[in-house]
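Take a look at the letters that make up each chain.
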Amino acid sequence: MLPSLVAVPDYWNRTRHGAVNLLFLAPFLAIYLLCWWFVGDGVETQAAASLRGLLQVLGDRGLKILSLATCAAVAIMLLLRRRAATADAAVFPGMLVEGLAYGFLLQLVAGALSRVLPIGTWLLAAPFLPQLRNLGVAVGAGIFEELLFRGILCYALFRALKDVVGADRLSAGALAVGIAAYLFSAYHHWGAAGEPWDAVRFTFRFHAGVVLGVIFLTRGLGIAAFAHGFYDALVLLG
């Protein structure tokens, strides 16, 4: 039995804390950067490119200021939680197991939902280097797509529906998850670089987005991003 799921005080709430998720995802971000260092822009997903494009409007000086401010905020966050470092680290094995389990189940659950609710049909998108590229794409998709579509979009919709509109928690969560999942699936077909329309792929990605949205709202960004990246790695490296 996993001690992190049993013996760690307040495991379920602690694993949703921003600082804990930041530390948990740090090694995977390092893997992405390492892949990018060797392979280059070939590992960059559309979500990562979109975020980079948004940041470029700040200019070099603005980007430096934002980077410094972000580093300072992260450092302050971690310093404030230094007393909880031991308890925070104790939950990482459990988060890892959860991410692995959800990554394995993503194909099964999203595939089953796609057969029951074919949303896309109703709407009529050297061997070492390719594998390294695929690993970088998988890890990058897990981090950046979850950050963009769950961490930013889904969470913003959830808070707006709950705190501004006054919807109850369940209704706000359901709407936020559904809208974010729709946009997550649709963006794969946007623009000249997007994939040709494919109802089956759209449907699968929509339901995968729903599953990941539920994981995000209930278990946090770290586990959702790891599950997403692990699933993509299974597909691309399998």
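Provided above is the structure to which this section pertains.
What you are looking at is a predicted structure, and each value in this text was computed from that prediction instead of being measured.

Draft legend 1. Inspection of the overall build of the chain at higher detail. Regarding its fold elements, the chain presents 12 helices and 0 strands. Walking the chain from its N terminus toward its C terminus, one meets helices and strands in the order α-α-α-α-α-α-α-α-α-α-α-α. Taking all 238 residues of the chain together, the buried fraction comes to 39%.

Draft legend 2. Representation of the packing of helix H3 (residues 18-39) against helix H7 (residues 92-116) in the model. For the pair H3 and H7, interaxial distance at closest approach is 11 Å and the crossing angle is 65 degrees. The angle between the axes of H3 and H7 places the two elements in the roughly perpendicular class. The interaxial crossing formed by H3 with H7 has right-handed handedness. Where H3 abuts H7, its residues Val20, Asn21, Leu23, Phe24 and Phe28 lie against Phe92, Met95 and Leu96. Each residue belonging to the contact of H3 with H7 can be placed in one class, and the counts come to 7 nonpolar, 1 polar and no charged.

Draft legend 3. Structural context of the pattern of salt bridges. With the rule as written, the count across this model stands at 6 salt bridges. A salt bridge links Asp163 to Arg159, with the nearest nitrogen and oxygen atoms 2.6 Å apart. Highlighted residues: Asp163 and Arg159, both in helix H9 (residues 128-165), separated by 4 residues, approximately one helical turn. With a shortest N-O distance of 2.8 Å, Glu195 and Arg205 are connected by a salt bridge. Taken together, the residues span a long stretch of sequence, with Glu195 in the loop between helix H10 (169-186) and helix H11 (199-219) and Arg205 in helix H11 at a distance of 10 residues. Connected via shared salt-bridge partners are Arg159, Lys162 and Asp163.

Draft legend 4. Just H7, in detail. Between the first and last C-alpha of H7 there are 35 Å, a value that for 25 residues agrees with the 36 Å anticipated at 1.5 Å per step. Taken together, the buried positions of H7 are occupied by Gly94, Met95, Glu98, Gly99, Gly103, Leu106, Ala110, Gly111 and Ser114.

Draft legend 5. A look at the nonpolar core. Ranked by size, the top nonpolar core spans 42 residues in total, and within it Phe28, Met95, Phe144 and Cys154 carry the most contacts. Of all elements in the fold, only H3, helix H4 (46-56), H7, H9, H10, H11 and helix H12 (221-237) reach the threshold of two or more residues within this core. A total of 9 residues in this core trace back to one element, the largest contributor, which is H9. Residues in contact with Phe28, not counting those within four places in the same chain, are Leu96, Val139, Ile143 and Phe226. Ile119, Ala181, Ala186 and Phe206 belong to the second largest nonpolar core, which has 5 residues in total.

How each quantity is defined
- Residues numbered from 1 in each chain as written.
- Predicted model: local features only at pLDDT ≥ 70, side-chain atom pairs only at ≥ 80, totals over all residues.
- Heavy atoms only, no water.
- Helix = DSSP H or I, 4+ residues; strand = E, 2+ residues; numbered from the N terminus.
- Buried < 20%, exposed > 50% of the residue type's maximum accessible area, 1.4 Å probe, protein only.
- Axes fitted to C-alpha atoms, helices over the stretch in contact; angles between N-to-C directions.
- Parallel < 35°, antiparallel > 145°, perpendicular 65-115°, else oblique.
- Left-handed = near helix turned anticlockwise from the far one by under 90°.
- Contact = heavy atoms within 4.5 Å.
- Nonpolar A, V, L, I, M, F, W, Y, C, P; charged D, E, K, R; others polar.
- Salt bridge = Lys/Arg side-chain N within 4 Å of Asp/Glu carboxyl O.
- Expected span 1.5 Å × (residues − 1).
- Core = buried A, V, L, I, M, F, W, Y, C linked by side-chain atoms within 4.5 Å.

Spatial relationships are all this shows, so hold off on functional conclusions.
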